[in-house]
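Next come the chains, spelled out residue by residue.
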Amino acid sequence: MNSTILVAFIGVLLLSTVNSAVPTASISAHVLDISGGSPAAGIQILAFIQQNDAWTKIGSQFTAENGRVDWVSPDFTLIPGTYRLTYLTQPYYKNKGIDSFYPYVEVIFEIKDATQHYHVPLTLSPWGYSTYRGS
């Protein structure tokens, strides 16, 4: 019985360590390929912030096997402002041998409270996409 409690405690400790690596003040993303009903692995996501009249790149990550990026800009501290995520979708479909209409998808959004977590999912098909603020 004591070994079961110890294993459970170690599991909780490991989970909290993994989850604590990504701060609350961050942007994450998720891409679901709805044409096949599966996560879209290997899509590059570029992150930018608008400063004056220019876009400054703050991150570049690839979606994992589960279609997720836990933190798109790990070397940038969020500040209030306008952000853009660019999902490079054409290489993903080209690698699958599928024609697609959109070479990339840009999602522009505003962060007013830089202490919150922002999740920006994308549902994708070769001929369309949708996005929303997730949790």
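The rules behind these values
Residues numbered from 1 in each chain as written. Predicted model: local features only at pLDDT ≥ 70, side-chain atom pairs only at ≥ 80, totals over all residues. Heavy atoms only, no water. Phe/Tyr/Trp six-rings, centres within 6.5 Å; stacked < 30°, edge-to-face > 60°. Buried < 20%, exposed > 50% of the residue type's maximum accessible area, 1.4 Å probe, protein only. Helix = DSSP H or I, 4+ residues; strand = E, 2+ residues; numbered from the N terminus. Salt bridge = Lys/Arg side-chain N within 4 Å of Asp/Glu carboxyl O. UniProt positions renumbered as here; feature names shortened; annotations may be inferred. Contact = heavy atoms within 4.5 Å.

(A) Representation of the packing of aromatic side chains. Enumeration according to the criterion identifies 5 aromatic pairs in this entry. Between the aromatic rings of Tyr 92 and Tyr 93, the centroid separation amounts to 4.9 Å while the plane-to-plane angle is 70°, which identifies the pairing as edge-to-face. The class of Tyr 92 is buried, set by a relative accessible area of 7%. With centroids separated by 5.1 Å and ring planes inclined at 80°, the aromatic side chains of Tyr 102 and Tyr 129 adopt a geometry described as edge-to-face. Placement of Tyr 102 in the loop between α2 (90-95) and β7 (105-111) and of Tyr 129 in strand β9 (residues 128-131) is noted, with a sequence separation of 27 residues between them. Taking the relative accessible area as the measure of exposure, Tyr 129 reaches 38% and is therefore partly exposed.

(B) Layout of the pattern of salt bridges. Applying the stated criterion across every chain yields a total of 1 salt bridge. A salt bridge links Glu 106 to Arg 84, with the shortest nitrogen-to-oxygen separation between them at 3.5 Å. Placement of Glu 106 in strand β7 and of Arg 84 in strand β6 (residues 81-88) is noted, with a sequence separation of 22 residues between them.

(C) Main features of the UniProt feature "binding site: substrate" (unreviewed entry) in the protein. The feature "binding site: substrate" (unreviewed entry), as annotated in UniProt, sits at His 30, Arg 68 and Tyr 132 in this numbering. Residue Arg 68 is classed as partly exposed on the basis of its relative accessible area, which comes to 35%. Ignoring any residue separated from it by four or fewer positions in sequence, one finds Arg 68 in contact with Ala 29, His 30, Phe 62, Thr 63 and His 119. Structurally, Tyr 132 is set in the segment after β9. Given a relative accessible area of 48%, Tyr 132 falls into the partly exposed group. Setting aside chain neighbours within four positions, we find Tyr 132 in contact with His 119, Val 120 and Pro 121.

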